[in-house]
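Inside the fold
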Amino acid sequence: AAAEAAEVGGVGAGRRLPPHSPSGLVLQTVEMHTGGEPLRIIPRLEAAEEAAESRGLSLLSLRREVAATQDHVRRALVHEPRGHAGMYGAVVVRGGAAAAGAHLAALFLHGAGYSAMCGHAVLALGRFALDYGLVAEPSRPETAVRLRCPCGPVTAFVPWDGRRSGNPVRFHSVPAFAAATDLAIDVPGHGKVVVDIGYGGTFYAFLSAEQLGLDVCSSKTRDLVNAASAVTEAVKKQFKLHHPESEDLAFLYGTILTDGKDAFSEEPTTNICVFADEQVDRSPTGSGVTARMALQYHKGLIQLNQTRKFRSSTTGSLFTGKAVKATKFGDYNAVIVEVSGEAFYTGTATFTVEEEDPLKHGFFFK
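Quick caveat: nothing in here was measured; it's all calculated off a predicted structure.

Brief notes about the pairing of strand β2 (residues 37-42)
Most of β2 is tucked away: 6 of the 6 residues are buried. On β2, burial covers both faces: Glu 37, Leu 39 and Ile 41 on one face and Pro 38, Arg 40 and Ile 42 on the other are all buried. Of the strand pairs in this sheet, strand β1 (residues 26-34) and β2 are connected by 5 bridges, and their pairing is antiparallel. Paired with Thr 34 across the strands is Glu 37, a residue of β2. Turn length for the β1-β2 hairpin, with the two strands adjacent in sequence and antiparallel, is 2 residues, and the turn residue Gly 35 shows positive phi of about 60°.

Shown next, in the form of structure tokens:
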């Protein structure tokens, strides 16, 4: 062990790596990515689990509680210097009202706050749940993992060989629907554009980049981000969203610019998702694929069980999507969408927060 320590530590042979006496918070995480989009998983946040257990909070109530009392954890892990402008996280909550009979519940963290749904995280958390032992008796060759997200229950289907999880993972969404189609929106600096608004666990505006004089594959990312953000702000001002179950979920999460290829094709269609505060998804966006499939189904551009491929313009990574079942959600005609992708582990980390550090809870730099 001393030889190992000498190798790791170099000069200070036999010494453990610092910090030697961490004061304040210590946070352990499991690091993953799905299609290039990071996921920093917090397997346990005791304050959240205690609130869920002792006060019987629903997951939406717990989301509010964590935002009010534990937001320093999100900022410490997602913002710099421990995170970055594109970092994404998930707090795993086991048991209590929050999980409500599921194997686990998850709160999703991003640079600006807390999301209602995250498909790339669900794909990764499916694997994590099996490897971390959250499913009592996983079955071969595939195990169903029941997750509770703030938007509702979803099920991930994860390959299992008896020892460890594998890829690809797929999940079945909450009911997805078209909230509005062919909506004329006036975007400052761009004039009138026509957008569709779809719900896939959270709401997105969709339009072709071409309407903004851009190309989703070749334009500069900065230009795409600025244009998408302008669309998001314009839609928020000009269109009122409605969610059948909870006004907590009636918010526009972002804008997805596409290559305009909405009709069914064997070829992938490319998009870029800009969400929260100008955050760029590195993956094709699971909840975005869900919402876009719902729109395509609503418009008669795809049939049930037709598989489409979606490519991220940032990393080139692929997800597949298909509408597997028609259903109703409130007054909306909806579909259950299956999204499939690959999630990988990148490591584990122990983060410390030293009390005397003036930047201990992170900073946000754009």
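As for the packing of aromatic side chains
The description of an aromatic ring pair uses the distance of the two centres, along with the angle that the planes make with each other. Enumeration according to the criterion identifies 12 aromatic pairs in this entry. Ring plane angle 20° and centroid distance 4.6 Å describe the contact between Phe 128 and Tyr 132, whose orientation is recorded as stacked. Relative to Phe 275, the ring of Tyr 253 has its centre 5.2 Å away and its plane inclined at 45°; by these criteria the two rings are tilted. Residue Tyr 253 is located in strand β12 (residues 252-258), and its partner Phe 275 is located in strand β13 (residues 269-275); the two are separated by 22 residues in the primary sequence. Note on accessibility: Tyr 253 and Phe 275 belong to one class, buried. Among the aromatic residues, ring-to-ring pairing joins Tyr 88, Tyr 204, Phe 206, Phe 251, Tyr 253 and Phe 275 into one connected group.

Some words on helix α8 (residues 286-298)
An ideal rise of 1.5 Å per residue puts 18 Å on 13 residues; α8 measures up with 18 Å between its terminal C-alpha atoms. By the criterion of burial, α8 is predominantly enclosed, with 11 of the 13 residues buried. For α8, the set of buried residues is Gly 286, Ser 287, Gly 288, Val 289, Thr 290, Ala 291, Arg 292, Met 293, Ala 294, Leu 295 and Gln 296. Trailing α8 by a residue or two, Gly 300 shows a phi angle of about 75°, which is positive.

Observations concerning the domain arrangement of the chain
We note that the domain assignment places domain 1 (25-168 + 345-353) and domain 2 (174-341) within the chain. Between the C-alpha centres of domain 1 and domain 2 the distance comes to 24 Å. Listed by partner, the interface residues are 27 residues for domain 1 and 26 residues for domain 2. Roughly 1,800 Å² is buried in total at the junction of domain 1 and domain 2, and carbon and sulfur atoms are behind 58% of that figure. When the buried area of domain 1 at its contact with domain 2 is split by residue, Glu 37, Leu 123 and Cys 151 rank highest and sum to 24% of it. Counting across the domain 1 and domain 2 interface gives 1 salt bridge.

Conventions used here
- Residues numbered from 1 in each chain as written.
- Predicted model: local features only at pLDDT ≥ 70, side-chain atom pairs only at ≥ 80, totals over all residues.
- Heavy atoms only, no water.
- Buried < 20%, exposed > 50% of the residue type's maximum accessible area, 1.4 Å probe, protein only.
- Helix = DSSP H or I, 4+ residues; strand = E, 2+ residues; numbered from the N terminus.
- Pairing = 2+ DSSP bridges.
- Phe/Tyr/Trp six-rings, centres within 6.5 Å; stacked < 30°, edge-to-face > 60°.
- Expected span 1.5 Å × (residues − 1).
- Domains from an automatic or database assignment.
- Contact = heavy atoms within 4.5 Å.
- Buried area = accessible area lost by both parts, 1.4 Å probe.
- Salt bridge = Lys/Arg side-chain N within 4 Å of Asp/Glu carboxyl O.

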